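What the coordinates show
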Amino acid sequence: MFAGLDPYFQYQFLTMLNHIAQTIFFLVAALSDVIPWRPLRRFTTYAYTILLPIASIVGILFWSIYLYDQDLMIPKERNFDYPMALNKFQHGYVSLLMWVELFLRAVRRASPAHARDDDIVPPLRVQMASTAIVAILYIGWMHVTKVWAGGFPYPFLNLLDDWGRMGFFAGSVLLVWCVVFLGDRSSNQIARMLGAKERHLPGLTPPAAGQHQKPKISQKKDNQENKLD
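What you see is a predicted model; the values in this text were computed from it and never measured. (Residues numbered from 1 in each chain as written. Predicted model: local features only at pLDDT ≥ 70, side-chain atom pairs only at ≥ 80, totals over all residues. Heavy atoms only, no water.)

1. Considerations on the overall build of the protein
- When you go through the protein residue by residue, the secondary structure sums to seven helices and zero strands.
- Going from the N terminus to the C terminus, the protein shows its helices and strands as α-α-α-α-α-α-α.
- When the 229 residues of the protein are sorted by exposure, 38% land in the buried category.
- In the protein, 76% of the contacts between residues at least 6 apart in sequence involve partners at least 24 apart.
- Element-wise, carbon and sulfur atoms account for 66% of the exposed surface of the protein, whose accessible area totals about 14,300 Å². (Helix = DSSP H or I, 4+ residues; strand = E, 2+ residues; numbered from the N terminus. Buried < 20%, exposed > 50% of the residue type's maximum accessible area, 1.4 Å probe, protein only. Contact = heavy atoms within 4.5 Å. Areas by Shrake-Rupley, 256 points an atom, 1.4 Å probe, with all protein chains shown as cover.)

See below:
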């Protein structure tokens, strides 16, 4: 597909970087099923929450712009063949695969045999912060590749002014966060429907049975009464 072009040309695109990341992720995930090592399982659990919104945003943004105007994504003057079947796979099926993985992971969370802390999805705020960092890193990477490529990897970005690009990047991050929220809620809902019980995140110790923490307000009131006494 990139025959005759700079060998590093493909690494400008989020699609290709996403493919590389997913390949590493599924290899490590398969390895973690063979070797029950906790760090491997933790890695796949946390990495998945980043890869799901990234893979989804690749499909959503690409097809939204591509169906509006093909030249804004893939100009006809680019001298390489890009079959539609490959286009659908790279920007469609790969994204859907991650949502299938979401369902399978939710099923695993609901299984008593895998009711372990390292299988719990990280807090929503951690997911949103992680995806925001990845988005900022890729935006920076596009500006780096612009220097040696002579332009942004996606033609429509070259047509926008600085304010237009800033607006697009900000909107993209918000869209990523929407996918993060949807994925987190969907995973929890599916696991709950399948019988998963409430569990605590890594590093948090659940209260013992029959013991409840005293509310902070009542604690302050008790302290004041003790001082008066």
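2. Quick notes on the layout of surface pockets
- Here the second largest pocket is characterised by a volume of approximately 190 Å³.
- In this structure, the second largest pocket is lined by L14, L17, N18, A21, I50, L51, I54, V134, L137, Y138 and W141.
- Here the residues of the lining of the second largest pocket sort into ten nonpolar, one polar and no charged. (1 Å grid on protein atoms, 1.4 Å probe; cavity = no way out; pocket = protein on both sides within 12 Å on 5 of 7 lines; lining within 4 Å. Points joined across faces, edges and corners; volume = space filled by probe spheres on them. Nonpolar A, V, L, I, M, F, W, Y, C, P; charged D, E, K, R; others polar.)

3. With respect to the pattern of salt bridges
- Going through the model one piece at a time under the given rule, you end up with three salt bridges.
- Ionic pairing is found between R105 and E101, a salt bridge with its closest N-O pair at 2.9 Å. Of the two residues, R105 and E101 are both situated in helix 3 (residues 84-110); the distance of four residues between them amounts to about one turn of the helix.
- E101 gets classed as buried once you look at its relative accessible area, which sits at 13%.
- The salt bridge involving R165 is made with D162; its shortest N-O contact spans 2.7 Å. (Salt bridge = Lys/Arg side-chain N within 4 Å of Asp/Glu carboxyl O.)

4. Observations concerning the packing of aromatic side chains
- Counting across every chain of the model gives nine aromatic pairs.
- Between F13 and Y154 the ring centres are 5.6 Å apart and the planes differ by 75°, which places this aromatic pair in the edge-to-face class. Residue F13 is found in the segment before helix 1 (14-34), and its partner Y154 is found in the loop between helix 4 (124-149) and helix 5 (155-159); the two are separated by 141 residues along the sequence. As far as burial versus exposure is concerned, F13 and Y154 are alike and both buried.
- An aromatic cluster is present here, built from F13, Y154, F156, F168 and F169 joined pairwise through their rings. (Phe/Tyr/Trp six-rings, centres within 6.5 Å; stacked < 30°, edge-to-face > 60°.)

5. With respect to the nonpolar core
- With 22 residues, the main nonpolar core has L14, M73, M142, Y154, F156 and L157 as its most contacted residues.
- Breaking this core down by element, the ones donating at least two residues are helix 1, helix 2 (38-68), helix 4, helix 5 and helix 6 (162-193).
- Broken down by element, the residue count for this core peaks at six residues, all from helix 2.
- In this structure, F25, A47, A55 and L102 belong to the second largest nonpolar core, which totals eight residues. (Core = buried A, V, L, I, M, F, W, Y, C linked by side-chain atoms within 4.5 Å.)

6. Some details on helix 4
- With 26 residues, helix 4 should reach 38 Å at 1.5 Å per residue; the first-to-last C-alpha distance of 37 Å fits that figure.
- Listing the buried residues of helix 4 in full gives Q127, T131, A132, A135, Y138, I139, M142 and T145.
- The inward-facing, buried residues of helix 4 abut helix 1, helix 2, helix 5 and helix 6.
- Looking one or two residues past helix 4, G150 carries a phi angle of roughly 85°, positive in sign. (Expected span 1.5 Å × (residues − 1).)

7. Some remarks on the confidence of the model for the protein
- When pLDDT is averaged along the protein, the result is 78, and 73% of the positions lie at 70 or above.
- The low-confidence segment residues 198-216, where pLDDT is below 50, has 18 contacts with residues more than four positions distant or belonging to other chains. (pLDDT = per-residue confidence, 0-100.)

8. Quick look at the packing of helix 2 against helix 6
- The geometry of helix 2 relative to helix 6 is characterised by a closest axis approach of 9 Å and an angle of 125° between their N-to-C directions. Classified by the angle their axes make, helix 2 and helix 6 are oblique. For the pair helix 2 and helix 6, the crossing hand works out as right-handed. Residue-level contacts link L52, P53, S56, I57, I60, L61 and I65 of helix 2 to F168, S172, L175, V176, V179, V180 and G183 of helix 6.
- Per-class residue counts for the contact of helix 2 with helix 6 are eleven nonpolar, three polar and no charged. (Axes fitted to C-alpha atoms, helices over the stretch in contact; angles between N-to-C directions. Parallel < 35°, antiparallel > 145°, perpendicular 65-115°, else oblique. Left-handed = near helix turned anticlockwise from the far one by under 90°.)

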